[in-house]
Amino acid sequence: MAIECLVLGAGQQVGKSCVVVSMNGKRIMFDCGMDMAYHDHRRHPDFSRISEYGDFDKALTCIVITHFHLDHIGALPYFTEVCGYRGPIYMTALAPSMLEDYRKVMVERRGEEEQFTSEHIVECMKKVIAVDVKQTVQVDKDLMIRAYYAGHVLGAAMFYTKVGDSAIVYTGDYNMTPDRHLGAAQIDRLQLDLLITESTYATTIRDSKYGREAEFLKAVHKCVLGGGKVLIPTFALGRAQELCILLEDYWERMNLKIPIYFSSGLTMQANMYYKMLISWTSQKVKETYSTRNAFDFKHVLNFDRSMISAPGPCVLFATPGWISGGFSLEVFKQWAPSEMNLITLPGYCAAGTIGHKLMSGKPSKIDLDKDTQLDVRCQIHQLSFSPHTDAKGIMDLVKFLSPKHVILVHGEKPKMATLKGRIYSELGIRCDDPANNETVCIPSTHHVEVGASNTFIRSSLNPNFNFSKMSSEDESDSRLKDGKFMPWLQVKDERAAEGILVEEKGKRAKIVHLDEFLLMLGEKKHDIRFAYCFPINTDNLEDTKSTDVSSSSNALSVSGRSSWLPMLYIKLSDELSGGNIQYFGEQIQVESFSVSLCLKDRCPYRIVDSPPNKCEAVFFCCAWSIADEKLAWKIISILENRNYGTL
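Rules behind the numbers
Residues numbered from 1 in each chain as written. Predicted model: local features only at pLDDT ≥ 70, side-chain atom pairs only at ≥ 80, totals over all residues. Heavy atoms only, no water. 1 Å grid on protein atoms, 1.4 Å probe; cavity = no way out; pocket = protein on both sides within 12 Å on 5 of 7 lines; lining within 4 Å. Points joined across faces, edges and corners; volume = space filled by probe spheres on them. Pairing = 2+ DSSP bridges. Helix = DSSP H or I, 4+ residues; strand = E, 2+ residues; numbered from the N terminus. Axes fitted to C-alpha atoms, helices over the stretch in contact; angles between N-to-C directions. Contact = heavy atoms within 4.5 Å. Phe/Tyr/Trp six-rings, centres within 6.5 Å; stacked < 30°, edge-to-face > 60°. Buried < 20%, exposed > 50% of the residue type's maximum accessible area, 1.4 Å probe, protein only. Patch = residues over 30% accessible without salt bridge, like charges linked within 9 Å, V, L, I, M, F, W, Y side chains within 5 Å. Areas by Shrake-Rupley, 256 points an atom, 1.4 Å probe, with all protein chains shown as cover. Salt bridge = Lys/Arg side-chain N within 4 Å of Asp/Glu carboxyl O. pLDDT = per-residue confidence, 0-100. Core = buried A, V, L, I, M, F, W, Y, C linked by side-chain atoms within 4.5 Å. Parallel < 35°, antiparallel > 145°, perpendicular 65-115°, else oblique. Left-handed = near helix turned anticlockwise from the far one by under 90°.

Any empty space left between atoms is shown by rolling a water-sized probe over those atoms. Summed over all chains, the structure comprises four cavities of 30 Å³ or more. Taken together, 23 residues line the largest cavity, and the ones lying closest to its centre are Phe235, Trp322, Tyr348, Pro387 and His388.

Spelled out as structure tokens, the structure:
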């Protein structure tokens, strides 16, 4: 059966991840994210494509959430509490605080229409079944899922999913390079029909991490020494902790007293989760945890909204990371008009957001909405501290897992097209990059337990000897005969089990021998053979006339016109080193190819009556099966003194 992938989100775009996979009668939704750049119906995936009548419990077997960024989970409460999905949801942790903070920002601070309530979030989380890393969960008797460590952010997981013989991996977001607070993604080598992978940085190869860190610290230090304020828009989980560890260490070494702030209790709450879930962090953090908790920041303080206009330098982490709304947008409006201040964008920003506009150049003005324009005089600094893997990491994962098929999601269309080409050209793996609301169908693995007939088993056990001369010129591999070194005869047993799979109604499938199959059908075996009659210029064989052919075969006692066949045998023996050439008096046999002297005046397989140079010619008839077509034309070309290369 085929595997069908319906891409409802993250198709040729970054954000709104949502992919519905159908395999062997099961239907799994991976992620249920929202598009942070929109504030209307385009914010959510088009769930009507899952079920036209809204019966989502029957349409889906389960939902799997890879991690807790809103572009992967933001639409989940809406889907469960408004659209009505009541089935199981599998994830790791941390979702409630992220969703509640988003609801407050969108509704209480920006006055937008409420998509879901606090009660919706609570009810949604009641449907969640927690999954730990490397834990295998049997969803039902056929469907199994297993979580693997993804790096990226705390609690992020890649999910291996198997139904029957079909198996896939959905990566979500992941990072193949360890950083200060999280390790690199880890996964077993698996047999996969399909890998669905993110491709945010499909064409980017990152430079040295230490160089990027030094550049970031230099820019921040220069700004605060000049009395400016530094805004670092970031999501609460991930880059905030990574950059806080970096700044904490630098502040300690440089003995700086300038305050570093978190914008709200959410990031402080996230730090509490890091302390609780220390096993998900990097090896270095775990090793030093007993003596020092890396998330106890001495120089980092909580920030109050009343401090936005306070004088003096500072560094502020504010959510969300794309300046798509919330407190980071509020602070940006206040700080952007001053040349003393610095906006540092540490990672990817989705199209349509303020962050993306800032990364696209150094604009002097930015349209906040259709009625509001903001002067931008502050410094803009962009660095790649993204928790997403780069192009090298994606290629490494694809090569390691070697799936039969790859689907790219969560990326930009032109860059995805480039990566798609690389995967096919360098790894030979078929790859697709579907747009939103497109479906990709791929073949899946299906194992069938079959029996075997006694005749088939006996035929498989019979030897199939192949004789050839060893081509080595080393005397140690030869034997002396009549004063000449002669190559040893090499014998190989090339038996192969060839049969036909038969499935009869109500009976177990079995493999039978071809003869048995023909008997079952009441048919006789038909062999298709090719034939060709061609002339050979007798001058081509003149060099062999003086050869003592008796040393090659006791049967080569011939005279007159029939002497051309043994001469042909000698010529082929010289030209086809290692070939299994046999002489039977009236014909020469090489595999299924046979050649004999043609004595007919008008042969039906003859194309020309004589060589083009009008020389005396001898005609030979040959025949062969389709399996040896290449070998046949090679032999014919040798006899006609043409050179088509080696076999």
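After that view of the structure, there is still more to cover.
Our focus in this paragraph is the sheet that holds strand E30 (residues 529–537). In space, the five strands of this open sheet follow the order E30-E34-E33-E32-E31, with antiparallel pairing throughout. Two strands close off the open sheet at either side, each with one partner strand: E30 and strand E31 (581–583). Geometrically, the sheet is characterised by an average inter-axis angle of 20 degrees between neighbouring strands, direction not taken into account. Of the pairings in the sheet, the one linking strand E33 (residues 593–597) to strand E34 (residues 617–625) comprises four bridges and is antiparallel in character. Note that in E34 the partner of valine 595 across the bridge is cysteine 622. Running over the sheet, helix H17 (residues 629–639) touches E30, strand E32 (588–590), E33 and E34 and is turned about 170 degrees from E34.

What follows is about the packing of aromatic side chains. Considering all chains together, one arrives at 14 aromatic pairs under this definition. Note on tyrosine 250 and tryptophan 251: the rings are 6.2 Å apart at their centroids and 55 degrees apart in plane angle, and the pair reads as tilted. Each member of the pair, tyrosine 250 as well as tryptophan 251, is classed as buried. Aromatic pair tryptophan 624 and tryptophan 633: ring centres 5.5 Å apart, planes at 75 degrees, arrangement edge-to-face.

A few words now on the sheet that holds strand E13 (residues 260–262). With parallel pairing, six strands are arranged side by side in an open sheet as E14-E13-E15-E12-E16-E19. Here the strands that pair on one side only, and so sit at the sheet edges, are strand E14 (300–302) and strand E19 (379–382). The sheet shows a mean angle of 25 degrees between the axes of neighbouring strands, taken without regard to direction. Note that strand E16 (residues 342–345) and E19 share four bridges and pair parallel. Residue leucine 342 lies in a different strand from E19, and its bridge partner there is glutamine 379. Along the sheet face, helix H6 (residues 209–225) touches strand E12 (229–233), strand E15 (314–318), E16 and E19 and points at about 140 degrees away from the line of E12. Packing against the sheet, helix H7 (residues 239–254) makes contact with E12, E13, E14 and E15, and its axis sits at approximately 165 degrees to E15.

The next thing to look at is a nonpolar patch on the surface. A cluster of nonpolar side chains, namely Ile528, Phe530 and Ile626, defines an oily patch on the protein surface of about 310 Å² accessible area. Residue position: isoleucine 626 is located in the loop between E34 and H17. Take isoleucine 626: its relative accessible area is 53%, and that puts it in the exposed class.

Let's shift gears to the pairing of strand E1 (residues 2–9). In the case of a regular strand, side chains alternate between the two sheet surfaces. Most of E1 sits out of view: six of its eight residues are buried. As judged from the five bridges shared by E1 and strand E2 (residues 18–23), these two strands associate in the antiparallel manner. Its bridge partner lying in E2, glycine 9 is registered against cysteine 18.

On to the confidence of the model for the protein. Confidence along the protein averages 83 in pLDDT terms, with 84% of residues attaining 70 or more. Low pLDDT (under 50) marks residues 642–647, which in the prediction has ten contacts with non-local residues, meaning those over four places away or in another chain.

Moving on to the pattern of salt bridges. Tallying each qualifying case throughout the model produces 22 salt bridges. The residue aspartate 142 makes a salt bridge to lysine 141 at a minimum N-O spacing of 3.3 Å. Across the pair lysine 415 and glutamate 412 runs a salt bridge whose closest N-O atoms are separated by 3.4 Å. Among the residues examined, lysine 415 registers a relative accessible area of 32% and is labelled partly exposed. Several salt bridges share partner residues, and in doing so they unite Lys26, Asp140, Lys141 and Asp142 into one network.

By size, the foremost hydrophobic cluster in this structure holds 84 residues, and its most contacted members are Met29, Ile50, Leu76, Phe79, Ile196 and Phe332. The residues contacting phenylalanine 332, other than those within four sequence positions of it, are Leu231, Ile323, Pro337, Ile343, Ile354, Leu358, Ile366, Leu374 and Val376. Core analysis: the next-biggest nonpolar cluster, separate from the first, contains 36 residues, Ile245, Trp251, Leu256 and Leu383 among them.

The next point concerns the environment of leucine 99. Among the structural elements, leucine 99 can be located in helix H4 (residues 95–109). Measuring from C-alpha to C-alpha, the distance between leucine 99 and histidine 69 comes to 9.1 Å, with 30 residues separating the pair along the chain. Excluding anything up to four places from it in sequence, leucine 99 contacts Leu70, Ile73, Gly74, Pro77, Phe116, Ile121 and Met125.

Looking now at the environment of alanine 147. Mapped onto the elements of the fold, alanine 147 is located in strand E8 (residues 143–149). Dropping the residues within four chain positions of it, alanine 147 is found in contact with Val131, Asp132, Val133, Lys134, Gln135, Ala157, Met158 and Phe159.

A few words on H17. Where burial is concerned, most of H17 is hidden: eight out of the eleven residues are buried. The complete set of buried residues in H17 reads Leu631, Ala632, Lys634, Ile635, Ile636, Ser637, Ile638 and Leu639. Residues of H17 that are buried sit in contact with E30, helix H16 (564–575), E32, E33 and E34.

This part covers the packing of H16 against H17. At their nearest, the axes of H16 and H17 sit 11 Å apart, and the two run at 115 degrees to each other. Classed by the angle they form, the pair H16 and H17 counts as roughly perpendicular. Crossing handedness for the pair H16 and H17: right-handed. Facing H16, whose interface residues are Leu568, Lys571, Leu572 and Glu575, H17 presents Ile635, Ile638 and Leu639.

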